Amino acid sequence: MTDQRPTVALHTYGCQMNEYDSELVGSILIGQGYTIVGNGDPAEIILLNTCAVRETANTRVYAQLGQFIAGKKTRPGTIVGVLGCIPQNLKDELLAKFPGVDFICGPDNYRDLPQLIAEARETAIPLTTVDLSEYETYDDIAPRRVPGVNAWIAIMRGCDNFCSFCVVPFTRGRERSREADGVVEETKRLAADGFKQVTLLGQNVNSYRAGETGFAELIDRVANVDGIERVRFTSPHPKDFPEHLLKVIAANPRICSQIHFPLQAASDSVLRRMNRGYTMAQFNDLVNLMRDTIPNLVLTTDIICGFPGETRDDFAETEQAVREIEFDSAFIFKYSRRENTLAARKFIDDVVEEEKSRRVTKLVQLQREISAKRNRESIGQSYRVLIEGRAKKSADQFRARTDGNKIVLFPKNDSLGVGDFCNVRITEVTPNTLLGYIS
Ligand code: 5AD
Ligand code: SF4
């Protein structure tokens, strides 16, 4: 008998929160009798779970969306739905640009998807469901996990910080936390399914609050679930990082010694206009406290170059901070004006494109040197690593991660496999990778 269930291809763009949301979407659709197929396979329903954080993300989604819609000519009856952050922020632009879209659905409306798909199959008029909710946390839905060693868990949704450059508070709405018991139960199920690591996700994990439980208590409970060996989280916000959380991280060996700590810019006047809520001096104090409290801390960051009004002197302050702090690695972005954000309304995007590119290139180069230098400190040391799979470039090598989340490549050993731990001594490094052998 052939499988009569309608087929869905689900394409995911953007951050880990979107990866998690696609797992929720997969679960909702399978529960209603749909089959999820691989992204290269033919499907009756094509869904794009989109990201709006920068223009480059938008452009990529629009290019692929154009192709999927063009493909409807040869496969009439195919349904194309756009989910997530782009429809939530740019509903009218999206529908005007792509009349071939069958429906759009915002991040708080995934429970409506089966209904939307069913209706879209009956009508040629594009359908729209983009209502943000103050309560939706999908707490009762068990996501359909991508197999592997790590599972994402969204502990909260939305963001109330309104950093002036950022579209997330508009695409994902108000901040809301899930119940702590629900998160712990989800972790137990993951452990039972063989996952070794969980990563807790939120736009600002330090604003997590469910009744009496704050983030430090939550992560400690999650890390104490039997079978879970490593817990990570992303991201905290520098405006409210409590010392108590550092102590919890330091005291619990299952909570990884790794913090992603987005700086964004180092000039106080830029930070003020970004509405970040901290000064460079406060950021530095926190970094010092982190490094004093957590030995071997791996510290990473995000930086934006060319925010409106960022002068060469402002940028020089960012370069200086990067040089002094010596992050282990950094994601460095060109400022991208996002419709509806505070910065788009209040400031002119006045740093020209070439200058933004110049600043990004300069900072990327500087950070590469620093990353290589920090990695060189690992040479000769032995690390306990968790094997994730084979190396991309060689079937004879494993790819694994240290507690600090650094990638380690080393020759395979037949008695080990994905999900196993072993010790690796580092012999060589690049800015992004450690290389070694089992010790
Ligand atoms: N332009 C460039 N980078 C941005 N980010 C968020 N919004 C923008 C924007 N408008 C970056 C920030 C954030 C990361 C997830 O994306 O650095 O920390
Ligand atoms: Fe955007 Fe700031 Fe919220 Fe992060 S904390 S999602 S950068 S508004």
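Residues numbered from 1 in each chain as written. Chains lettered and ligands numbered in written order. Predicted model: local features only at pLDDT ≥ 70, side-chain atom pairs only at ≥ 80, totals over all residues. Heavy atoms only, no water.

Engineer: Explanation requested: the environment of Ala223 in the structure shown.
Structural biologist: Inspection of the secondary structure puts Ala223 in helix α7 (residues 215–223). Taking relative accessible area as the criterion, Ala223 reaches 0% and is therefore assigned buried. It is 43 Å that separates the C-alpha atoms of Ala223 and Lys346, two residues lying 123 residues apart in sequence. (Helix = DSSP H or I, 4+ residues; strand = E, 2+ residues; numbered from the N terminus. Buried < 20%, exposed > 50% of the residue type's maximum accessible area, 1.4 Å probe, protein only.)

Engineer: Would you take a moment to explain the state of the cysteines for this structure?
Structural biologist: Note: disulfide means a covalent bond formed between the sulfur atoms of two cysteine side chains. Tallied over the full model, the rule gives zero disulfides. No disulfide involves Cys422; its sulfur sits 15 Å from that of Cys256, the nearest cysteine. (Disulfide = S-S within 2.5 Å.)

Engineer: I would appreciate a short explanation of the pairing of strand β20 (residues 421–429) in the present structure.
Structural biologist: Along any regular strand, the residues point their side chains to alternate faces of the sheet. With five bridges joining them, strand β17 (residues 382–390) and β20 adopt antiparallel strand pairing. Looking at β20, one finds that Leu386 is bridged to Phe421. Direction of pairing for β20 relative to strand β21 (residues 433–438): antiparallel, over a ladder of five bridges. Bridging from a neighbouring strand, Arg425 pairs with Tyr437 of β21. Counting the residues in the hairpin turn of β20 and β21 gives three residues. (Pairing = 2+ DSSP bridges.)

Engineer: How should I be thinking about unusual backbone geometry in this particular structure?
Structural biologist: One can expect most non-glycine residues to show negative phi and most peptide bonds to be in trans. Ser235 follows Thr234 through a cis peptide bond whose omega is -10 degrees. Note on placement: Ser235 falls in the loop between β13 (230–234) and α8 (243–251). For Glu326, which is not glycine, the phi dihedral falls at a positive 55 degrees. By secondary structure assignment, the location of Glu326 is in the loop between α11 (312–325) and β16 (329–334). Judged by relative accessible area, which is 19%, Glu326 ranks as buried. At Asn340, a position not held by glycine, the phi torsion is positive, near 85 degrees. Tracing the backbone through its elements, the reader meets Asn340 in the loop between β16 and α12 (342–346). Note on Asn340: relative accessible area 35%, which makes it partly exposed.

Engineer: Sorry if this is basic, but what is going on with the domain arrangement of the chain here?
Structural biologist: Put simply, an interface is often sized by how much accessible area is lost when its parts join up. Its domain assignment divides the chain into domain 1 (7–129), domain 2 (150–376) and domain 3 (382–438). Between the C-alpha centres of domain 1 and domain 2 there is a distance of 28 Å. Listed as interface residues are 19 residues of domain 1 and, on the opposing side, 22 residues of domain 2. Summed over both sides, the interface between domain 1 and domain 2 buries roughly 1800 Å², with carbon and sulfur atoms accounting for 51% of that surface. When the area that domain 1 buries against domain 2 is broken down by residue, the three leading residues are Met17, Tyr20 and Asn89, summing to 35%. Put simply, domain 1 and domain 2 have four salt bridges between them. Arg176 is the partner of Asp108 in a salt bridge, and the nearest nitrogen-oxygen pair spans 3.1 Å. For the pair domain 1 and domain 2, the number of links is 13 residue pairs in polar contact (both at pLDDT 80 or more). Those elements that place two or more of their residues in the side of domain 1 that touches domain 2 are α1 (16–31), α2 (55–71) and α3 (85–97). (Domains from an automatic or database assignment. Contact = heavy atoms within 4.5 Å. Buried area = accessible area lost by both parts, 1.4 Å probe. Salt bridge = Lys/Arg side-chain N within 4 Å of Asp/Glu carboxyl O. Polar contact = N/O pair within 3.5 Å; in protein donor to acceptor, adjacent residues only side chain to side chain.)

Engineer: Would you explain the sheet that holds strand β7 (residues 150–154) in this entry?
Structural biologist: Each strand in a sheet pairs with another by means of backbone hydrogen bonds, the pair being arranged parallel or else antiparallel. If you trace the three strands from one edge of the open sheet to the other, you get β7-β10-β13, paired in parallel fashion. The open sheet has two free edges, formed respectively by β7 and β13, since each of these has just one partner strand. Taking each pair of neighbouring strands and ignoring which way they run, the sheet shows an average axis angle of 25 degrees. The pairing of strand β10 (residues 197–201) with β13 spans five bridges and is classified as parallel. Residue pairing across strands places Leu201 opposite Thr234, the latter belonging to β13. Packed on one face of the sheet, helix α6 (residues 180–192) meets β7 and β10 and runs near 165 degrees to β7. (Axes fitted to C-alpha atoms, helices over the stretch in contact; angles between N-to-C directions.)

Engineer: Explain the environment of Gln203 here, please?
Structural biologist: Note that Gln203 resides in the loop between β10 and β11 (209–210). Look at Gln203 and you get partly exposed, because its relative accessible area is 26%. Spatially, the C-alpha atom of Gln203 lies 9.7 Å from that of Ile155, the residues being 48 residues apart in sequence. If we ignore the near neighbours within four places in the chain, the residues touching Gln203 are Met17, Gly158, Cys159, Val168, Arg172 and Ser235.

Engineer: How should the layout of surface pockets be read in this particular structure?
Structural biologist: Remark: the empty space left among the atoms is shown by a probe the size of a water molecule rolled over them. For the second largest pocket, the calculated volume is near 570 Å³. For the second largest pocket, the lining is made up of 23 residues, of which Asn296, Leu297, Val298, Tyr383 and Gly404 are closest to its centre. For the lining of the second largest pocket, the per-class residue count stands at seven nonpolar, six polar and ten charged. There are two domains that each give the lining of the second largest pocket at least three residues, and those are domain 2 (150–376) and domain 3 (382–438). (1 Å grid on protein atoms, 1.4 Å probe; cavity = no way out; pocket = protein on both sides within 12 Å on 5 of 7 lines; lining within 4 Å. Points joined across faces, edges and corners; volume = space filled by probe spheres on them. Nonpolar A, V, L, I, M, F, W, Y, C, P; charged D, E, K, R; others polar.)

Engineer: I'm lost on the site of ligand 1 in this one. Help?
Structural biologist: Around ligand 1, the neighbouring residues are Val53, Arg54, Phe165, Gln264, Asp302, Ile304, Phe333, Lys334, Tyr335, Ser336 and Arg338. In the environment of ligand 1, an oxygen atom lies 2.9 Å from a nitrogen or oxygen atom belonging to the side chain of Arg54. Taking Asp302, its side chain carries an N or O atom lying 2.6 Å from an oxygen atom of ligand 1. Expressed as a share of its isolated accessible area of 410 Å², the protein-covered part of ligand 1 is 85%. Secondary-structure elements contributing two or more residues to the shell around ligand 1 are β15 (298–305) and β16. (Near = heavy atom within 4 Å. Areas by Shrake-Rupley, 256 points an atom, 1.4 Å probe, with all protein chains shown as cover.)

Engineer: Help me understand the pattern of salt bridges in this model?
Structural biologist: Close approach of charged atoms allows side chains of opposite charge to pair. As enumerated under the stated definition, the model contains 32 salt bridges in all. Notably, a salt bridge pairs Arg121 with Glu44, separated by 3.0 Å at the nearest N-O pair. Of this pair, Arg121 sits in the loop between α4 (113–120) and β6 (127–129) while Glu44 sits in the loop between β2 (35–37) and β3 (45–50); the two residues are 77 residues apart in sequence, bridging distant segments of the chain. The exposure class assigned to Glu44 is partly exposed, which follows from its relative accessible area of 33%. The closest approach of N and O atoms between Glu355 and Arg359, which form a salt bridge, is 2.8 Å. In this pair, Glu355 and Arg359 both sit in helix α13 (residues 353–376), four residues apart, roughly one turn of the helix. A relative accessible area of 11% means that Glu355 is categorised as buried. Of the residues examined, Arg359 reaches a relative accessible area of 3% and is grouped as buried.

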